[in-house]
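Listed here are the chains, written in short residue letters.
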Amino acid sequence: MLRSIALVLCLCVWFTPCLSQEMNSPWLTKLVKRKGSKFLKDIWKHPGIYHAQFIYTRIDRDANGNPVCKNYYLRYDATDYFNPASMVKLPTALVALEKINTLKEKGVTEFSYMLTDSSFAAQTAVTKDSTSESGYPSVDHYVKKIFLVSDNDAYNRLYELAGPALLNKRLREMGYANSRITRRFVPMDEDGNRHTNGIRFVDSTGHLLYEQQPSYYAGAYDFSRKLLIGKAHYDRNDSLIHTPMDFTRHNAMPLFDLQQMVQALVFPRTVNARQRFEIDSLQRKRVLEYMSERISDSRYPRYDTAEFFNSYTKFFWFRDGKRPIPPAIKSYNKTGWSYGFLTDVAYITDKEHGIDFMLSGTIYVNSDGILNDDKYDYDTIGFRFFREMGEMLYAEELRRKK
């Protein structure tokens, strides 16, 4: 039987992968050759087309019931850039909670009403939230929306609260030297993304608890490596430009960094102390609940389940075909999709069979090579890739002896 994830001590065997070469685990390579479909084998035979990467984290338990984890890699390469898209919302949400914890002496909590002002060009003000029970925005509610449906506006607000200075400082402190967060998810130039809004926190009576002044991040990003994707792209004016799209100044997060962030959240003691997010046990519990909650169970916000079905953000292995998620299975995950890139990092539990494991993967599915045309192969190739990889590793978990 699985133990509570809040109480488990896990001693994981891992190391930081080399950043200059591809990594493949012989066991996982052989598994795909033996068990993978023709479709799946074809994906892995064409790295120049699909740029697929994968990490399977096996979790065993010692005599005392403590998990022992081991990573298996398939074409992991930190130098093969993929756009992380909404994956950056994971550390942004957690760093925003960290910041809230520094304001507790002022009476601010994640449930305080968070009123965002417009302080610079292209910024927007937010003082109400009809999707919350109170009718007002809060950090906790933004975090919930980020993990339930990957809400972009919620990310933008927490990006503005934490600010690029703190976000990138924390990434460096935690050892994620190849990760960066440089922008909101709204049309805005680089200078605009360096400016953050003024923010006020008030209590339920409207009493001002804390006011954060607008700020500007003047720090340097490492844009020394040119990142060009595709053969053509549409610009902001919907004009077709016959050159690759330039991602040099975009957000960046290698797959291993993302895997470690989820592992640090699920099993804090499995990673180095500097990689642990500085949130309390109740905050961590709520984040994990939001990560695994069925969308149909949410009252605030209430979603149209025809559009936001339960497997909407569950690429492993339910999104393909909108498959139902069995009651015994939970996926504590974060996904990202944009520009033809799909990514999912998930900790999966099955209480019925007493198994748990992690799956992390990314793939690029853009057969016409044109970016920003909204013509990507998500449904025909991408989601099927995640389904088949997930089903294959789940079947392996069911077979293997603990």
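So, here's what we can say about the structure.

Conventions and cut-offs
- Residues numbered from 1 in each chain as written.
- Predicted model: local features only at pLDDT ≥ 70, side-chain atom pairs only at ≥ 80, totals over all residues.
- Heavy atoms only, no water.
- Helix = DSSP H or I, 4+ residues; strand = E, 2+ residues; numbered from the N terminus.
- Rg over C-alpha atoms; globule rule 2.2 N^0.38 Å.
- Contact = heavy atoms within 4.5 Å.
- Areas by Shrake-Rupley, 256 points an atom, 1.4 Å probe, with all protein chains shown as cover.
- Lys, Arg positive; Asp, Glu negative; His and termini not counted.
- Charge placed at Lys NZ, Arg CZ, Asp CG, Glu CD.
- Expected span 1.5 Å × (residues − 1).
- Buried < 20%, exposed > 50% of the residue type's maximum accessible area, 1.4 Å probe, protein only.
- Patch = residues over 30% accessible without salt bridge, like charges linked within 9 Å, V, L, I, M, F, W, Y side chains within 5 Å.
- Salt bridge = Lys/Arg side-chain N within 4 Å of Asp/Glu carboxyl O.
- Polar contact = N/O pair within 3.5 Å; in protein donor to acceptor, adjacent residues only side chain to side chain.

Points about the overall build of the protein chain
A count of helices and strands for the protein chain gives ten helices and 15 strands. For 402 residues, the compact-globule formula gives about 21 Å, and the C-alpha radius of gyration of the protein chain, at 21 Å, lands near that figure. Each of the three principal axes of the protein chain carries a C-alpha extent, and together these read 60 × 55 × 40 Å. Long-range pairs, those at least 24 residues apart, make up 67% of the contacts in the protein chain with a sequence separation of at least 6. Split by element, the accessible area of the protein chain, about 17600 Å² in all, is 50% carbon and sulfur. In the protein chain, which carries 56 positive and 48 negative side-chain charges, the distance between the mean positions of the two groups comes to 6 Å.

Brief notes about helix H8 (residues 255-266)
Taking 1.5 Å per residue as the helical rise, H8 with its twelve residues ought to reach 16 Å, and the 17 Å between its terminal C-alpha atoms agrees with that figure. Within H8, twelve of the twelve residues are buried, which leaves it mostly tucked inside the rest of the structure. Within the sequence span of H8, burial applies to Leu255, Phe256, Asp257, Leu258, Gln259, Gln260, Met261, Val262, Gln263, Ala264, Leu265 and Val266.

Re a positive patch on the surface
Judged by side-chain charge, Lys30, Lys33, Arg34 and Lys35 come together as a positively charged surface patch. Within the secondary structure layout, Arg34 lies in helix H1 (residues 26-35). You can call Arg34 exposed: its relative accessible area is 53%.

Overview of helix H9 (residues 281-292)
The periodicity of an α-helix, 3.6 residues per turn, causes residues three or four positions apart to be oriented the same way. Here H9 is twelve residues long and its end C-alpha atoms lie 17 Å apart, about the 16 Å a rise of 1.5 Å per residue gives. Buried residues of H9: Gln283, Arg284, Arg286, Val287, Leu288, Tyr290, Met291 and Ser292, and no others. Contacts made by the buried residues of H9 are with helix H4 (89-101), helix H5 (139-149), H8 and strand S12 (329-338). For H9, the capping residue at the N-terminal end is Asp280, with a side-chain oxygen 3.1 Å from the backbone nitrogen of Leu282.

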